[in-house]
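Structural features, examined
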Amino acid sequence: MTPVRLYDSFRREKVLFEPLEPGVVGMYVCGPTPYAPAHIGHAYSAIAFDTIRRSLRFLGYQVRYVRNITDVEDKIIKRGNETGEDPMALAARFAADYNRDMARFGVLPPDIEPKVSTHIAEIIALIERLIATGCAYQVDGDVNFEIAKFPAYGALSGMKLDELRAGERVEVDPRKRSPDDFALWKAAKPGEPAWGSPWGKGRPGWHIECSAMTHAHLGDTFDLHGGGKDLIFPHHENEIAQSRGAYGPRSFARYWLHNGFLNFKGEKMSKSLGNVVDCSQIADTVGGEALRLFCVSHHFRSPVDFDFEAIRDGDGHVTGARFHSLEAADKKLEYFYTTLKRIDDFIAQSGNTGDAGDGKVLPEADKLIPDARVALADDFNTPVAMAALHEAAALANRLLDEPKGIDKQVRRRTLARLARDLRAVGVALGVFAADPAVYLAERRARLVQRRGIDAAAVERLIADRAAARAAKDFARSDAIRGELTALGVALHDTPRGTEWSVLDTAS
Ligand SMILES: [Zn+2]
């Protein structure tokens, strides 16, 4: 396996990553609180950590990847009470939708997907331990964590408690020893799901849930903990206080990874503007893989501009969306899939398959895998890996277009090697897994839909043009081609007949 250097948000520097057990990585990522359809922010984080997991595998590590479902939480209960749906059923429904949506972005299912509702016993045991170590206290059926008993509090976020509340009016809660103390267990209220506990019926607080689930599946100490930057405070800070308060200062996550924020360029998506676009709409409009490619074209820690524009009807109601950043990514993806298809067709026509690994190839073709390895081992630098993919695809297209001066066998083997390695690096980034012909057909269908092209009319015109050509009526055949161009359609005459694609103009 390849040694990895990563930026640890706890130490605030790039460090050599040394897993507890060489070659084996235990990784926990805070998963969704499913109470509404997943939006782009959820997808961005899920893709970031899925890419890190895939990259570690590519670099030779075995990864045990735990991503939870927070199915007991205030927001779920609130939504359930608003809509009249049972909160547990509501959470289960949106969790299933979340996983379906993430799969469209190439996010692999976690190895373990613990749910709060099936870890209540572990949560209670952890709270009991915190009471025993003196970090937590019980007041009327509630249990709170006492921050004053954990002097290391604030080490991850750099927050100091007195700064925290500067200028803020704090409502005095007589049941808390300090306003900063946070709930581990909340006494049952009417209309809320509740479980029996030594402190009476109630339910866990959000933060303790993750501490208990990491412990259940990764033990006292594990390698990597991930989540969005917005979770650093208070969620991750509280997770550290709880876990270390219970299991000692050397326990819990050894390295912390946080993904950056998405900046909305153009329009800001917000519920109040009524223009929130959920994940399934993105995948339907531009294809899930375009979002994936967009994400891995940026470093997961950097803030990323997301260019989006809502389409509104005359009354100002949002009827759709233009995803400018994703349309650009979709075009890049078309280039890669077209390259792969050209190579696959070439290899198939040369009547030979499957010897990509053997024999002499052009030395430039052997760079891709090592270059991608170097990039990903350096804090999972996917943009640099993307650049290596671009270089390899450019080489492949050159070999396809200009065969002169290259030995036939070497050329064929080099192309086969490039296709194999483009796909291997694609696995690490979560792209290029589709059959190129299928991908290109689906992309065309999306463009046809987006631009309102009548596909049946296109097929009819192509048939008319074929008839005109057969009758040697070239004026007519040229006129039909002109008509198709005006419709936004490009023709490609191939040995298999005339194929068509949608021209890359503004949608
Ligand atoms: Zn968490």
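Scroll up to find the structure.
Residues numbered from 1 in each chain as written. Predicted model: local features only at pLDDT ≥ 70, side-chain atom pairs only at ≥ 80, totals over all residues. Heavy atoms only, no water.

**Brief notes about the overall build of the chain**
- A tally of helices and strands in the chain yields 16 helices and 15 strands.
- The principal-axis extents of the C-alpha atoms in the chain amount to approximately 90 × 60 × 40 Å.
- Here the chain holds 507 residues, and 50% of them are scored as buried.
- Contacts spanning at least 24 positions in sequence make up 77% of the contacts within the chain whose residues lie at least 6 apart.
- For the chain, the exposed surface amounts to about 22900 Å²; the carbon and sulfur share of it is 53%. (Helix = DSSP H or I, 4+ residues; strand = E, 2+ residues; numbered from the N terminus. Buried < 20%, exposed > 50% of the residue type's maximum accessible area, 1.4 Å probe, protein only. Contact = heavy atoms within 4.5 Å. Areas by Shrake-Rupley, 256 points an atom, 1.4 Å probe, with all protein chains shown as cover.)

**Examining the pairing of strand β7 (residues 182-187)**
- Direction of pairing for strand β6 (residues 142-145) relative to β7: antiparallel, over a ladder of three bridges. Bridging from a neighbouring strand, N144 pairs with A183 of β7.
- Both β7 and strand β8 (residues 202-204) contribute to a ladder of three bridges, which runs antiparallel. Bridge assignment links W185 to a residue of β8, and that residue is P204. (Pairing = 2+ DSSP bridges.)

**So, the coordination of the zinc ion**
- Taken together, C30 (SG), C210 (SG), H235 (NE2) and E239 (OE) make up the protein donors of the zinc ion, found 2.0 to 2.3 Å from the metal.
- One can describe the site at the zinc ion as irregular: its four donor atoms subtend angles covering 78 to 127° at the metal. (Donors = N, O, S within 2.8 Å, 3.2 Å for Na, K, Ca; no water. Tetrahedral: all angles 85-135°; square planar, octahedral: opposite > 155°, others 65-115°.)

**Brief notes about the nonpolar core**
- Counting residues in hydrophobic clusters, the biggest one holds 91 residues, and the most contacted among them are M27 and L56.
- Counting residues domain by domain, this core receives three or more from each of domain 1 (5-260) and domain 2 (327-436).
- Excluding residues that lie within four positions of it along the chain, L56 makes contacts with V4, F17, V25, M27, Y61, V63, L224 and F380. (Core = buried A, V, L, I, M, F, W, Y, C linked by side-chain atoms within 4.5 Å. Domains from an automatic or database assignment.)

**Considering the packing of helix α10 (residues 324-349) against helix α14 (residues 436-451)**
- For the pair α10 and α14, interaxial distance at closest approach is 9 Å and the crossing angle is 145°. Crossing angle aside, the handedness with which α10 passes α14 is left-handed. The residues of α14 that touch α10, namely those facing E327, D330, K331, L333, E334, Y337, T338, L340, K341 and D344, are P436, A437, Y439, L440, R443, R446 and R450. (Axes fitted to C-alpha atoms, helices over the stretch in contact; angles between N-to-C directions. Left-handed = near helix turned anticlockwise from the far one by under 90°.)

**A look at the packing of helix α1 (residues 40-58) against helix α9 (residues 288-296)**
- One way to put it is that α1 packs onto α9 with a least axis distance of 10 Å and a crossing angle of 65°. The angle between α1 and α9 falls in the class roughly perpendicular. Seen along the crossing, α1 lies across α9 with a hand that is right-handed. Counting all contacts with α1, which are made through I40, A43, Y44, I47, D50, T51 and R54, the residues of α9 involved are L291, R292, C295 and V296.
- Grouping the constituent residues of the contact of α1 with α9 by class yields seven nonpolar, one polar and three charged. (Parallel < 35°, antiparallel > 145°, perpendicular 65-115°, else oblique. Nonpolar A, V, L, I, M, F, W, Y, C, P; charged D, E, K, R; others polar.)

**Things to note about helix α3 (residues 87-104)**
- Over its 18 residues, α3 runs 26 Å from end to end, which matches the ideal 26 Å to within 8%, given 1.5 Å per residue.
- Those residues of α3 that fall on the buried side of the exposure criterion are P87, L90, A91, F94, A95, Y98, D101 and M102. The buried residues of α3 occupy an angular sector of 130° when the element is viewed end-on, so they sit on one face.
- Check the buried side of α3 and you find it contacts α1, β4 (62-67), α2 (74-83) and α8 (279-286).
- G106 lies just past α3 and shows a positive phi near 75°. (Expected span 1.5 Å × (residues − 1). Arc of directions from axis to C-beta.)

**Quick notes on the side chain of N68**
- Positionally, N68 belongs in the loop between β4 and α2.
- Assessed through its relative accessible area of 0%, N68 is described here as buried.
- Engagement of the side chain of N68 in a polar contact is seen with the side chain of Y28, the distance being 3.2 Å.
- Within the local environment of N68, its side chain forms a polar contact with the side chain of T70, the two groups lying 2.9 Å apart.
- Apart from residues no more than four positions distant in its own chain, N68 is found in contact with Y28, V29, C30, G31, P32, P114, C210 and M213. (Polar contact = N/O pair within 3.5 Å; in protein donor to acceptor, adjacent residues only side chain to side chain.)

**Concerning the packing of aromatic side chains**
- In this structure the tally under the stated criterion is 16 aromatic pairs.
- With a centroid separation of 5.4 Å and an interplanar angle of 85°, the aromatic rings of F222 and F252 are classed as edge-to-face. In this pair, F222 sits in strand β9 (residues 221-228) while F252 sits in strand β10 (residues 252-259), placing the two residues 30 residues apart along the sequence. In terms of burial, F222 and F252 fall into one category: buried. (Phe/Tyr/Trp six-rings, centres within 6.5 Å; stacked < 30°, edge-to-face > 60°.)

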